[in-house]
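# Commentary on secondary and tertiary structure
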Amino acid sequence: MINKNKSELEITLLLEAFFKKYSYDFRQYSKAHIMRRIMNRMKMTGLENISQMQSRLLNDETFASTLLQDLSITVTEMFRDPGFYRSLRENVIPILKTYPFIKIWHAGCSTGEEAYSMAIIMQEEGLYERTTIYATDFNQQALSQAKEGIFSNKMMKEYTANYQLSGGKESFSGYYTANYDSVIMNKSLKMNIVWANHNLVTDSVFAEVHLILCRNVLIYFDKNLQNKVQKLFLNSLINGGFLCLGSKEGLRFTDLSEEYTELDKKQRIFKKKY
Ligand SMILES: C[S@@+](CC[C@H](N)C(=O)[O-])C[C@H]1O[C@@H](n2cnc3c(N)ncnc32)[C@H](O)[C@@H]1O
(Lines give C-alpha, C1' and ligand atoms only; values in the text may rest on other atoms or scores of the structure.)
Protein backbone atom coordinates (compact mmCIF):
# COMPACT_ATOMS: atom_id res chain seq x y z
CA MET A 1 0.00 0.00 0.00
CA ILE A 2 2.80 2.40 0.92
CA ASN A 3 4.66 1.49 -2.29
CA LYS A 4 1.57 2.02 -4.40
CA ASN A 5 1.07 5.50 -2.99
CA LYS A 6 4.72 6.27 -3.55
CA SER A 7 4.53 5.24 -7.24
CA GLU A 8 1.37 7.27 -7.66
CA LEU A 9 3.11 10.31 -6.24
CA GLU A 10 6.17 9.73 -8.43
CA ILE A 11 3.96 9.49 -11.50
CA THR A 12 2.17 12.70 -10.57
CA LEU A 13 5.55 14.44 -10.32
CA LEU A 14 6.76 12.90 -13.58
CA LEU A 15 3.67 14.14 -15.46
CA GLU A 16 4.03 17.55 -13.85
CA ALA A 17 7.64 17.68 -15.07
CA PHE A 18 6.56 16.63 -18.60
CA PHE A 19 4.03 19.46 -18.66
CA LYS A 20 6.28 22.14 -17.14
CA LYS A 21 9.27 21.35 -19.35
CA TYR A 22 7.66 20.27 -22.65
CA SER A 23 4.05 21.57 -22.39
CA TYR A 24 2.56 18.11 -22.99
CA ASP A 25 -0.22 17.66 -20.47
CA PHE A 26 -0.90 14.03 -19.50
CA ARG A 27 -1.98 14.91 -15.96
CA GLN A 28 -5.61 13.97 -16.57
CA TYR A 29 -5.07 10.83 -18.62
CA SER A 30 -6.38 7.57 -17.20
CA LYS A 31 -4.10 6.49 -14.34
CA ALA A 32 -4.13 2.83 -15.38
CA HIS A 33 -3.05 3.67 -18.94
CA ILE A 34 -0.24 5.98 -17.81
CA MET A 35 1.00 3.51 -15.20
CA ARG A 36 1.11 0.63 -17.73
CA ARG A 37 3.04 2.62 -20.32
CA ILE A 38 5.51 4.09 -17.82
CA MET A 39 6.27 0.73 -16.22
CA ASN A 40 6.82 -0.72 -19.66
CA ARG A 41 9.26 2.03 -20.64
CA MET A 42 11.06 1.68 -17.30
CA LYS A 43 11.71 -2.01 -17.99
CA MET A 44 12.84 -1.35 -21.55
CA THR A 45 15.35 1.35 -20.55
CA GLY A 46 16.65 -0.40 -17.42
CA LEU A 47 15.71 2.52 -15.16
CA GLU A 48 15.29 1.53 -11.52
CA ASN A 49 12.43 3.78 -10.52
CA ILE A 50 10.17 6.59 -11.67
CA SER A 51 12.29 9.26 -9.99
CA GLN A 52 15.23 8.23 -12.18
CA MET A 53 12.92 8.47 -15.16
CA GLN A 54 11.95 12.00 -14.17
CA SER A 55 15.56 13.09 -14.12
CA ARG A 56 16.13 11.46 -17.53
CA LEU A 57 13.00 13.17 -18.90
CA LEU A 58 14.17 16.59 -17.76
CA ASN A 59 17.66 16.18 -19.18
CA ASP A 60 17.17 14.22 -22.39
CA GLU A 61 14.87 15.49 -25.15
CA THR A 62 15.15 12.27 -27.13
CA PHE A 63 13.86 10.36 -24.12
CA ALA A 64 10.99 12.86 -23.81
CA SER A 65 10.08 12.19 -27.41
CA THR A 66 10.17 8.41 -26.79
CA LEU A 67 7.90 8.82 -23.78
CA LEU A 68 5.53 10.94 -25.85
CA GLN A 69 5.27 8.11 -28.39
CA ASP A 70 4.64 5.65 -25.53
CA LEU A 71 1.83 7.69 -24.03
CA SER A 72 0.23 8.57 -27.38
CA ILE A 73 -0.73 5.06 -28.62
CA THR A 74 -1.01 5.60 -32.35
CA VAL A 75 -2.60 2.27 -33.31
CA THR A 76 -5.08 2.81 -36.15
CA GLU A 77 -6.48 1.25 -39.35
CA MET A 78 -8.23 2.17 -42.56
CA PHE A 79 -11.98 1.70 -42.29
CA ARG A 80 -11.49 0.60 -38.67
CA ASP A 81 -14.79 -0.90 -37.46
CA PRO A 82 -16.36 -1.28 -40.92
CA GLY A 83 -19.88 -1.26 -39.43
CA PHE A 84 -19.25 2.28 -38.27
CA TYR A 85 -18.30 3.45 -41.77
CA ARG A 86 -21.33 1.65 -43.22
CA SER A 87 -23.57 3.54 -40.82
CA LEU A 88 -21.78 6.79 -41.68
CA ARG A 89 -22.50 6.20 -45.38
CA GLU A 90 -26.14 5.33 -44.71
CA ASN A 91 -27.11 7.76 -41.95
CA VAL A 92 -24.78 10.75 -42.05
CA ILE A 93 -23.66 11.26 -45.66
CA PRO A 94 -27.22 11.83 -47.00
CA ILE A 95 -27.58 14.75 -44.56
CA LEU A 96 -24.11 16.14 -45.32
CA LYS A 97 -25.12 16.12 -48.99
CA THR A 98 -27.62 18.89 -48.29
CA TYR A 99 -24.86 21.38 -47.32
CA PRO A 100 -23.10 23.58 -49.91
CA PHE A 101 -19.75 22.86 -48.25
CA ILE A 102 -18.73 20.29 -45.66
CA LYS A 103 -16.13 20.55 -42.90
CA ILE A 104 -14.95 17.43 -41.10
CA TRP A 105 -12.59 17.24 -38.12
CA HIS A 106 -10.63 14.07 -37.32
CA ALA A 107 -9.36 14.77 -33.78
CA GLY A 108 -6.52 12.39 -32.88
CA CYS A 109 -5.99 11.22 -36.47
CA SER A 110 -2.71 9.45 -35.69
CA THR A 111 -0.93 8.37 -38.91
CA GLY A 112 -3.88 9.37 -41.09
CA GLU A 113 -5.59 6.10 -42.05
CA GLU A 114 -8.93 7.38 -40.76
CA ALA A 115 -8.71 10.64 -42.75
CA TYR A 116 -7.82 8.79 -45.96
CA SER A 117 -10.79 6.46 -45.38
CA MET A 118 -13.04 9.51 -45.11
CA ALA A 119 -11.55 11.09 -48.26
CA ILE A 120 -12.33 7.86 -50.15
CA ILE A 121 -15.95 7.90 -48.97
CA MET A 122 -16.42 11.57 -49.86
CA GLN A 123 -14.90 10.97 -53.30
CA GLU A 124 -17.22 8.02 -53.92
CA GLU A 125 -20.21 10.07 -52.82
CA GLY A 126 -19.24 12.91 -55.19
CA LEU A 127 -18.76 15.29 -52.26
CA TYR A 128 -15.01 15.61 -51.97
CA GLU A 129 -14.72 18.78 -54.09
CA ARG A 130 -16.74 20.69 -51.49
CA THR A 131 -15.25 19.01 -48.42
CA THR A 132 -12.41 20.10 -46.15
CA ILE A 133 -11.02 17.46 -43.81
CA TYR A 134 -9.08 18.84 -40.83
CA ALA A 135 -6.95 15.99 -39.52
CA THR A 136 -5.25 16.85 -36.23
CA ASP A 137 -3.05 15.19 -33.65
CA PHE A 138 -0.53 16.37 -31.07
CA ASN A 139 2.00 13.77 -32.14
CA GLN A 140 4.13 15.44 -34.82
CA GLN A 141 5.83 12.20 -35.81
CA ALA A 142 2.46 10.56 -36.52
CA LEU A 143 1.28 13.66 -38.42
CA SER A 144 4.36 13.69 -40.65
CA GLN A 145 3.73 10.06 -41.57
CA ALA A 146 0.07 10.87 -42.22
CA LYS A 147 0.98 13.69 -44.59
CA GLU A 148 3.19 11.38 -46.64
CA GLY A 149 0.37 8.86 -47.03
CA ILE A 150 2.75 5.91 -47.25
CA PHE A 151 1.59 2.68 -45.61
CA SER A 152 2.82 -0.87 -45.36
CA ASN A 153 1.73 -3.10 -48.24
CA LYS A 154 1.21 -5.90 -45.69
CA MET A 155 -1.84 -4.09 -44.29
CA MET A 156 -3.65 -3.72 -47.61
CA LYS A 157 -5.34 -7.12 -47.52
CA GLU A 158 -6.97 -6.28 -44.20
CA TYR A 159 -7.82 -2.72 -45.29
CA THR A 160 -9.39 -4.01 -48.51
CA ALA A 161 -11.60 -6.36 -46.46
CA ASN A 162 -12.52 -3.47 -44.11
CA TYR A 163 -13.34 -1.25 -47.08
CA GLN A 164 -15.61 -3.86 -48.65
CA LEU A 165 -17.39 -4.56 -45.36
CA SER A 166 -17.92 -0.82 -44.93
CA GLY A 167 -19.94 -0.72 -48.15
CA GLY A 168 -17.12 0.18 -50.58
CA LYS A 169 -17.90 -0.99 -54.11
CA GLU A 170 -14.83 0.11 -56.07
CA SER A 171 -11.53 -1.69 -56.34
CA PHE A 172 -9.63 -0.61 -53.22
CA SER A 173 -6.28 -0.98 -55.00
CA GLY A 174 -7.33 1.92 -57.25
CA TYR A 175 -6.76 4.29 -54.33
CA TYR A 176 -3.03 3.73 -54.03
CA THR A 177 0.10 2.86 -55.95
CA ALA A 178 2.04 -0.14 -54.65
CA ASN A 179 5.81 -0.07 -54.53
CA TYR A 180 7.37 -3.31 -53.17
CA ASP A 181 6.61 -3.32 -49.47
CA SER A 182 4.80 0.01 -49.26
CA VAL A 183 1.92 1.82 -50.92
CA ILE A 184 1.34 5.52 -51.48
CA MET A 185 -2.15 6.93 -51.37
CA ASN A 186 -3.42 8.79 -54.47
CA LYS A 187 -2.69 12.51 -54.61
CA SER A 188 -6.35 13.25 -55.29
CA LEU A 189 -7.21 11.94 -51.79
CA LYS A 190 -4.77 14.35 -50.14
CA MET A 191 -6.16 17.35 -52.03
CA ASN A 192 -8.59 18.58 -49.34
CA ILE A 193 -7.00 17.24 -46.18
CA VAL A 194 -5.46 19.89 -43.90
CA TRP A 195 -3.04 18.25 -41.46
CA ALA A 196 -2.46 20.26 -38.28
CA ASN A 197 -0.89 19.93 -34.88
CA HIS A 198 -3.63 20.38 -32.28
CA ASN A 199 -3.63 19.32 -28.66
CA LEU A 200 -7.10 18.46 -27.37
CA VAL A 201 -6.07 19.20 -23.79
CA THR A 202 -4.43 22.59 -24.21
CA ASP A 203 -5.66 24.06 -27.53
CA SER A 204 -9.05 25.58 -28.26
CA VAL A 205 -11.70 25.51 -31.00
CA PHE A 206 -10.25 26.29 -34.41
CA ALA A 207 -13.16 25.75 -36.82
CA GLU A 208 -16.90 25.23 -36.97
CA VAL A 209 -17.53 21.82 -38.49
CA HIS A 210 -20.36 19.55 -39.64
CA LEU A 211 -18.83 16.28 -38.46
CA ILE A 212 -16.28 15.35 -35.79
CA LEU A 213 -14.62 11.97 -35.53
CA CYS A 214 -12.70 11.43 -32.32
CA ARG A 215 -12.40 7.70 -32.09
CA ASN A 216 -10.29 5.73 -29.62
CA VAL A 217 -8.75 8.84 -28.07
CA LEU A 218 -11.01 9.77 -25.13
CA ILE A 219 -10.68 6.26 -23.77
CA TYR A 220 -7.25 7.31 -22.46
CA PHE A 221 -8.59 10.39 -20.64
CA ASP A 222 -10.08 10.55 -17.14
CA LYS A 223 -13.70 11.66 -16.68
CA ASN A 224 -12.92 15.35 -16.05
CA LEU A 225 -10.76 15.60 -19.13
CA GLN A 226 -13.38 13.77 -21.22
CA ASN A 227 -15.91 16.39 -20.12
CA LYS A 228 -13.58 19.24 -21.00
CA VAL A 229 -12.85 17.85 -24.47
CA GLN A 230 -16.53 17.09 -25.06
CA LYS A 231 -17.26 20.80 -24.43
CA LEU A 232 -14.68 21.67 -27.07
CA PHE A 233 -16.47 19.36 -29.53
CA LEU A 234 -19.89 20.76 -28.70
CA ASN A 235 -18.60 24.28 -29.36
CA SER A 236 -16.98 23.20 -32.62
CA LEU A 237 -20.09 21.55 -34.12
CA ILE A 238 -22.85 23.32 -36.02
CA ASN A 239 -26.36 22.67 -34.71
CA GLY A 240 -27.41 19.36 -36.22
CA GLY A 241 -23.74 18.36 -36.64
CA PHE A 242 -22.47 14.83 -35.95
CA LEU A 243 -20.09 13.46 -33.34
CA CYS A 244 -18.54 10.01 -33.82
CA LEU A 245 -16.78 8.23 -30.95
CA GLY A 246 -14.95 4.91 -30.66
CA SER A 247 -16.72 1.63 -29.92
CA LYS A 248 -15.81 1.79 -26.21
CA GLU A 249 -16.57 5.50 -25.82
CA GLY A 250 -19.83 7.33 -25.15
CA LEU A 251 -21.56 10.37 -23.76
CA ARG A 252 -23.61 8.72 -21.05
CA PHE A 253 -21.33 9.67 -18.18
CA THR A 254 -20.47 13.15 -19.42
CA ASP A 255 -22.25 16.45 -18.67
CA LEU A 256 -23.24 16.78 -22.31
CA SER A 257 -25.41 13.76 -23.12
CA GLU A 258 -28.52 15.98 -23.12
CA GLU A 259 -27.05 18.07 -25.94
CA TYR A 260 -27.19 15.20 -28.45
CA THR A 261 -29.56 12.59 -29.80
CA GLU A 262 -28.27 9.09 -30.51
CA LEU A 263 -28.29 8.54 -34.25
CA ASP A 264 -26.73 5.07 -34.10
CA LYS A 265 -26.28 3.78 -30.57
CA LYS A 266 -24.16 0.77 -31.51
CA GLN A 267 -21.79 2.69 -33.78
CA ARG A 268 -21.56 5.65 -31.35
CA ILE A 269 -22.84 8.31 -33.74
CA PHE A 270 -24.51 11.31 -32.09
CA LYS A 271 -26.33 14.33 -33.52
CA LYS A 272 -26.12 17.74 -31.86
CA LYS A 273 -29.59 19.04 -31.04
CA TYR A 274 -30.86 22.25 -32.65
C1 LIG B 1 -5.38 5.07 -30.71
S2 LIG B 1 -5.07 6.46 -31.74
C3 LIG B 1 -6.62 6.63 -32.56
C4 LIG B 1 -6.47 6.91 -34.03
C5 LIG B 1 -7.77 6.95 -34.82
N6 LIG B 1 -8.64 7.99 -34.33
C7 LIG B 1 -8.47 5.62 -34.77
O8 LIG B 1 -9.49 5.47 -34.10
O9 LIG B 1 -7.99 4.69 -35.43
C10 LIG B 1 -5.08 7.80 -30.54
C11 LIG B 1 -4.49 9.10 -31.11
O12 LIG B 1 -4.86 10.17 -30.24
C13 LIG B 1 -3.78 11.07 -30.18
N14 LIG B 1 -3.90 11.87 -28.96
C15 LIG B 1 -3.77 11.48 -27.66
N16 LIG B 1 -3.88 12.54 -26.84
C17 LIG B 1 -4.08 13.63 -27.64
C18 LIG B 1 -4.25 15.01 -27.38
N19 LIG B 1 -4.22 15.49 -26.15
N20 LIG B 1 -4.44 15.85 -28.43
C21 LIG B 1 -4.46 15.37 -29.70
N22 LIG B 1 -4.28 14.07 -30.02
C23 LIG B 1 -4.10 13.21 -28.99
C24 LIG B 1 -2.55 10.16 -30.17
O25 LIG B 1 -1.38 10.84 -30.57
C26 LIG B 1 -2.97 9.09 -31.17
O27 LIG B 1 -2.52 9.38 -32.45
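Residues numbered from 1 in each chain as written. Predicted model: local features only at pLDDT ≥ 70, side-chain atom pairs only at ≥ 80, totals over all residues. Heavy atoms only, no water.

### Some words on the sheet that holds strand E10 (residues 269-272)
We apply this condition: When DSSP finds two or more bridges between two strands, those strands count as paired. Numbered from the N terminus, helices here are DSSP runs of H or I no shorter than four residues, and strands are runs of E no shorter than two. As a rule, the C-alpha atoms of each element are fitted with a line to give its axis, helices using only the stretch in contact, and angles between N-to-C directions run from 0 to 180 degrees. The contact criterion used is simple: two residues touch if any of their non-hydrogen atoms lie within 4.5 Å.
On the basis of which strands lie adjacent, the open sheet formed by seven strands has the order E6-E2-E1-E7-E8-E10-E9 and mixed pairing. Two strands bound the open sheet, and with one partner strand each, they are strand E6 (193-197) and strand E9 (260-264). Across the sheet, the mean angle from the axis of one strand to that of its neighbour is 20°, orientation sign disregarded. Alignment of strand E2 (residues 131-137) against E6, held across five bridges, turns out to be parallel. Its bridge partner lying in E6, Ile133 is registered against Ile193. Here helix H6 (residues 113-124) sits on the sheet in contact with strand E1 (102-107), E2, E6 and strand E7 (209-214), set at roughly 160° to E1.

### Quick look at the pairing of strand E4 (residues 176-179)
Sheet topology places E4 next to strand E5 (residues 182-185); four bridges connect them, and they run antiparallel. Bridged to Asn179 within E5 is Ser182. Linkage of E4 to E5, two consecutive antiparallel strands, is achieved through a turn of two residues, within which Tyr180 is found at a positive phi near 55°.

### Some thoughts on the environment of Ser166
Operational definition: Two N or O atoms count as a polar contact when they lie within 3.5 Å, although within protein this holds only if one can serve as hydrogen donor and the other as acceptor, and sequence-adjacent residues are included solely when both atoms are side-chain atoms.
Secondary-structure assignment places Ser166 in the loop between helix H8 (156-165) and E4. Along the chain, Ser166 and Tyr85 lie 81 residues apart, while their C-alpha atoms are 5.3 Å from each other. Once residues lying within four places of it in the same chain are set aside, the contact partners of Ser166 are Phe79, Pro82, Tyr85, Arg86 and Arg89. Of note is the side chain of Ser166, whose polar atom sits 2.7 Å from the backbone oxygen of Tyr163.

### Focus: the pattern of salt bridges
Which entries qualify depends on this criterion: For salt bridges, the criterion is a side-chain nitrogen of Lys or Arg within 4 Å of an Asp or Glu carboxyl oxygen. Type-normalised accessible area, obtained with a 1.4 Å probe on protein chains alone, sets the label of each residue: buried when under 20%, exposed when over 50%, and partly exposed for intermediate values.
Scanning the model with the defined rule gives 10 salt bridges in all. With a shortest N-O distance of 3.1 Å, Glu16 and Lys20 are connected by a salt bridge. With Glu16 and Lys20 both in helix H1 (residues 2-22) and four residues apart, the pair spans about one turn of that helix. Salt-bridge contacts for Asp81 lead to Arg215; the nearest nitrogen and oxygen are separated by 2.8 Å. Taken together, the positions of Asp81 in the loop between helix H4 (61-72) and helix H5 (82-96) and Arg215 in the loop between E7 and helix H10 (223-236) put the pair 134 residues apart, joining distant regions of the chain. Accessibility expressed as a relative area gives 4% for Arg215, which makes it buried. Here the residues in one salt-bridge network are Glu16, Lys20, Asp25 and Arg27, joined through shared partners.

### Topic: the packing of aromatic side chains
Applicable threshold: We call Phe, Tyr and Trp rings a pair once their centres come within 6.5 Å, taking the six-membered ring for Trp, and we label the pair stacked below 30 degrees between planes, edge-to-face above 60, and tilted otherwise. Over a ring means this: the NZ of a Lys or the CZ of an Arg is within 6 Å of the ring centre and within 35 degrees of the ring normal.
Under the criterion given, the structure shown has 21 aromatic pairs. Judged by centre distance (4.7 Å) and plane angle (65°), the ring pair of Phe26 and Tyr29 falls under edge-to-face. For the pair Phe26 and Tyr29, one class covers both residues: buried. Ring geometry for Phe79 and Tyr85: centres 5.2 Å apart, planes at 65°, overall edge-to-face. We note that Phe79, like Tyr85, is buried. In this arrangement the basic side chain of Arg215 is found over the ring face of Phe84, its NZ or CZ atom lying 3.9 Å from the centre.

### Examining the site of the ligand
Rules: Put simply, a residue is near a molecule or strand once any heavy atom of it comes within 4 Å of that molecule or strand.
Every one of the 21 residues lining the ligand counts as a neighbour, but Tyr29, Thr76, Arg80, Asp137 and Asn216 are closest to it. At 2.9 Å, a backbone N or O of Arg215 approaches a nitrogen atom of the ligand. Within the side chain of Asn216, one N or O atom sits 2.8 Å away from an oxygen atom of the ligand.

### Details of the packing of H5 against H8
This is how the line gets drawn: Angle categories are assigned with fixed cut-offs, so that under 35 degrees is roughly parallel, over 145 is roughly antiparallel, 65 to 115 is roughly perpendicular, and the rest are oblique. The crossing is said to be left-handed when, going from far helix to near helix, the turn is anticlockwise and less than a right angle, and right-handed when the turn is clockwise. Side-chain classes follow a simple rule in which Ala, Val, Leu, Ile, Met, Phe, Trp, Tyr, Cys and Pro form the nonpolar group, Asp, Glu, Lys and Arg form the charged group, and the remainder, Gly included, forms the polar group.
One way to put it is that H5 packs onto H8 with a least axis distance of 8 Å and a crossing angle of 40°. Between H5 and H8, the angle is such that the two are oblique. For the pair H5 and H8, the crossing hand works out as right-handed. Along the contact surface, H5 presents Pro82, Arg86 and Arg89, while H8 presents Asn162, Tyr163, Gln164 and Leu165. Considering only residue class, the contact of H5 with H8 consists of three nonpolar, two polar and two charged.

### Some thoughts on the sheet that holds E5
An order of E3-E5-E4 is seen for the three strands of this open sheet, with the pairing classed as antiparallel. Each of the sheet's edge strands pairs with one partner strand only, and the pair in question is strand E3 (150-152) and E4. Adjacent strand axes in the sheet meet at a mean angle of 30° when their direction is disregarded.

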